[in-house]
Structures are given as C-alpha cells and as structure tokens.
Amino acid sequence: MSKEILIEFYDHVNLENVISLEEGRYAQVVFLYFADAPEPTQADKDLLRRFIQRRCGIPTEFRPIHTRSIEGVCAVFDEILRTRPGVIDMTGGAELFSAAAGYYVARGKDVILQQYDIRRHGLVFRHGGSGKPAAPLLTLGVKDAVELQGALVMSSHPYDSSDREMEAQILQLWDTVKDEPRCWNAFCSLPGFSRTFSGSRFEKSITTQHESDAYQRIMPRLRRLGIVTAETTQLVKGRKYKTFRLNVPKHTLMLHRKGGNLLEMYCALAASRSGCFQDCHVSVEVDWDSEIVKSAPDTRNEIDVMATAGYTPVLISCKNTRIENEYLYEIMVMTKHYGGRHARGAIVSSVECQPNVRLRAEEMGIVLIDNVQAMSLEAFTDCFRRHFGSR
C-alpha cells in the first residue's frame, strides 16, 4: 500500500501540528497557511522539520494558500494529492480550511478526513478508510514536549518504574521522615567541608542550634533503618563536623543529597503508579530558548517533575513548605513556556495550604495536592488519577 501524504493547516501551537502523526504511515507532511496571514517564521519551520524528521524520518513542506476561499483551498488539495493518496487533518485548523475539506469530500474526492483532541488523547472522528488510526500514534515524551516549545532539556532523571531498589528506598525513607519536612530539608542542607561527595560518605557541619536540632531529629531515624555506618565526629579548622556513610544502593544516594529530591521522587512514584503518564522525569533542567550561551547570562530553570499524559505535558512543582501565592505564579509561567497552551501545572506540598491559596490555585487552573505527608501512597496516587486520568 502506497504511503499517504498528511495535509495539515499550520497552527502556532505545535502540539496541534504533530498529534495526528502515526508511526510509519505517511510519506510526507504538508503544512498549509493563508498567504495573507502571518507566515510561520523560519525558526518555526525548522523546529517542526527537525522534530518530524527525527521522530518519523519523513520530509516536511510548508505551502501558502494564495486564494482565501473554499475553491482556493481545494485547488491546493488537488495539487498536493495529484500523485499520492492523502489524509486531511483538521485538528486546530481554521474554519475555512475545515469547510473546504468537507466540501472536497462532498465532491467525491477519495481522501480521509480526521480530527484529534489533545485533552482526550486521541481521535475525535475520521471519515473514510477504516474509521480508525491505521498505525499507532507517535508517543510524546518529556523532551519532545519541551522541544516543541522551542526550549531544550539540558539534563533530567527519567523515573524508572521497574527499579524496585529505588522504589523500596523511596518508600522507606519517605515513611521515616515525611512528618518532618522542614527538618529533613535542613538536615540535607547542612554544609560539609568537602565540595564533592565521595561515594556514600556524608559530612555535616553542626555550628548553630538550628543545625543541631535538625541533626538530632533526623539521624536517630536513619540509624533505626540500619543504614548508617562509620559515624564519627571531626574537627576541621576549629569547626565540628559529623561524618557518616549510608549503606544503601549507590544510585539511590541522590535521595539523601538534597531535601527536595525525596518528595520529587515520591511524587514521580505516585504519578507512575497512577497509570496516567507514559513518560516522567525528575529534576528537569531546561534552557529557555534552546540557545546555549556561555559568554552571557543564559536563562535556565529546573522543573521538579515533568510528565506527559497522552499529548498533555504536566509540570509539577514540589514543596516541603507551605504553598504561597508566588509559587502559583511561578509554576504558571513555567507551564506556559515549557509546556504550551495545552499543558497543565501542578503543585505538590508536604504540608497543608491555606484556603485562600487553594481558591487562587483553582481560579488559575493549577492542580494543588497538599498535605501529602498525611496521605497514604494509594490516596496520593488517586489524586493523580482524579486530576489527570482520561476524560
């Protein structure tokens, strides 16, 4: 069977441009736009060409429609479909484009019409052919979603749901310290005398009462887990340091390096168990415009957890403190820039938030999951199903 040409009406939201791509089905993608409207920039064209070539291995063409009428659009359809069968996708297309596509079929043309919905994660309707996708749709990963926004993932930690060692360590450590989120943050932030970490060896400087309190509240809990070894006290340049080793799998040491890592990984674990997401990354460092600049300030951000639910990017901020309004605006800006129009933002907090913040989050369309320390893992997982499950 001859591969078809996919005809799309160019949309400035790139997710609308790629949701209809099917694995191995098409020979080419042609994006149409009206010549009297703003043309896609060269950067926009190059971004889509690179993405489609990388994911599908097929060429991409951009073609203007010079006559803004049904007949003008149909004439361009005829030009494109002269040598190959085609599929006209109306996802995100202009009304005139959709009307012309319907008229084209009504004239007896042998072409498939289709439309997808990003929120529903799939096909809304298809006229012609078998009435359903002929091949699997492309999956959208976290790096794909960021790339389609013209940004770049510099580094990230993909969450591996098959890693039982990591899962066991997350759950064990979470149950041990979840009721002391502030002390856990303070404990992980205690300075050491070495700038580099040597395997499982940790160093903690104890110079203030606050630091001593954090150490005294957390260390007994770690000792009870049986993971603390070689615990000593040292004096370095007149300052007292506690040193110890942790007897845990090497790749799980990151849970102890930074206070926020544990909540982020616990969040990723629950998100993965919910079955709502096909890709989930933790500690996602992103470059604002994908232009890597070394000689001048380069805007970068870190997204605590980012996942994709079908074609919907989800950006999650994790807080071991009470949620303030400023955190809502922060995740809103990040969500719009790195996820786009269809992305959703969320905040997960260990502690309970104020009613006024909860109301503001609802008004802004931000998912808020708070007081996680008081939830079971099953209840936390159900929160993701409720907010991000198929609708």
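Now for a quick tour of the structure. These numbers were taken from a predicted model, which means no experiment stands behind them. Sequence order sets the numbering: in each chain, residues are counted from 1 along the sequence as written. Where local features are concerned, this predicted model is filtered to residues with pLDDT of at least 70; where side-chain atom pairs are given and counted, the filter is 80 or more; whole-chain, interface and lining totals use all residues. The side-chain quantities take in all heavy atoms of the structure and omit both hydrogens and water.

1. A short note on the overall build of the protein chain
Turning to step 1, where the next piece is worked out: Looking only at helices and strands, one finds 13 helices and 15 strands in the protein chain.
Turning to step 2, where the next piece is worked out: When its C-alpha atoms are laid out on the principal axes, the protein chain stretches across 85 × 45 × 40 Å.
Turning to step 3, where the next piece is worked out: We get accessible surface area from the Shrake-Rupley algorithm with a probe of 1.4 Å; when it comes to residues, only the shown protein chains can shield them. When the accessible surface of the protein chain is summed, it comes to about 18,300 Å², and 48% of that surface belongs to carbon and sulfur atoms.
Turning to step 4, where the next piece is worked out: Note on charges: Lys and Arg go in the positive column, Asp and Glu in the negative column, and His and the chain ends are not counted at all. Here the site of a charge means atom NZ of a Lys, CZ of an Arg, CG of an Asp or CD of a Glu. The centroid of the 49 positive side-chain charges in the protein chain is displaced by 5 Å from the centroid of its 49 negative side-chain charges. In this description a helix means any DSSP run of H or I spanning at least four residues, a strand means any run of E spanning at least two, and both kinds are numbered starting from the N terminus.

2. Describing the nonpolar core
Turning to step 1, where the next piece is worked out: Buried Ala, Val, Leu, Ile, Met, Phe, Trp, Tyr and Cys residues form a nonpolar core when they are joined through side-chain atoms within 4.5 Å. Each residue is assigned to one of three classes by its accessible area relative to the maximum for its type, calculated with a 1.4 Å probe on protein chains only: buried under 20%, partly exposed between the two thresholds, exposed over 50%. Phe187, Phe380 and Phe384 are the most contacted members of the largest nonpolar core, which has 55 residues in total.
Turning to step 2, where the next piece is worked out: The biggest single contributor to this core is helix α10 (residues 259-274), with nine residues.
Turning to step 3, where the next piece is worked out: Residue contacts follow a heavy-atom distance rule, with two residues in contact if any of their heavy atoms lie within 4.5 Å. Every residue in contact with phenylalanine 187, bar those within four places of it in the chain, is listed here: Lys204, Ala214, Tyr215, Ile218, Met219, Leu222 and Phe244.
Turning to step 4, where the next piece is worked out: Residues Leu6, Ile58, Leu140 and Val357 belong to the second largest nonpolar core, which totals 49 residues.

3. Some remarks on the sheet that holds strand β7 (residues 152-158)
Turning to step 1, where the next piece is worked out: If you trace the six strands from one edge of the open sheet to the other, you get β7-β11-β12-β13-β14-β15, paired in mixed fashion. In the strand order of this sheet, the two ends are held by β7 and β15 (367-369), each with one partner. This sheet shows a mean twist of 30 degrees between the axes of neighbouring strands, independent of strand direction.
Turning to step 2, where the next piece is worked out: Pairing of strand β14 (residues 344-349) with β15, which is carried by three bridges, proceeds in the parallel orientation. Within β15, the position partnered with valine 348 by the bridge is isoleucine 369.
Turning to step 3, where the next piece is worked out: Axes here refer to lines fitted to C-alpha atoms; in helices the fit is confined to the stretch in contact. Angles between the N-to-C directions go from 0 to 180 degrees. In the packing of helix α11 (residues 325-339) onto the sheet, the strands contacted are β11 (279-287), β12 (300-309), β13 (312-319) and β14, and the crossing angle to β13 comes to about 150 degrees. Strands are treated as partners if at least two bridges between them are detected by DSSP.

4. Remarks on the state of the cysteines
Turning to step 1, where the next piece is worked out: Disulfides are defined in this document as cysteine sulfur pairs within 2.5 Å. Applying the stated criterion across every chain, the model contains zero disulfides.
Turning to step 2, where the next piece is worked out: Left unpaired, cysteine 353 is separated from the closest cysteine sulfur, that of cysteine 383, by 12 Å.

5. Focus on the pattern of salt bridges
Turning to step 1, where the next piece is worked out: In the sections that follow, a salt bridge refers to a side-chain nitrogen of Lys or Arg positioned within 4 Å of a carboxyl oxygen of Asp or Glu. Evaluated as defined, the whole model comprises 27 salt bridges.
Turning to step 2, where the next piece is worked out: Note that lysine 45 is salt-bridged to glutamate 39, the shortest N-O span being 2.7 Å.
Turning to step 3, where the next piece is worked out: Assessed through its relative accessible area of 44%, glutamate 39 is described here as partly exposed.
Turning to step 4, where the next piece is worked out: Ionic pairing is found between arginine 221 and aspartate 179, a salt bridge with its closest N-O pair at 2.7 Å. Placement of arginine 221 in helix α8 (residues 209-224) and of aspartate 179 in the loop between α6 (164-177) and α7 (181-189) is noted, with a sequence separation of 42 residues between them.

Purely geometric stuff here, so don't read any function into it on its own.
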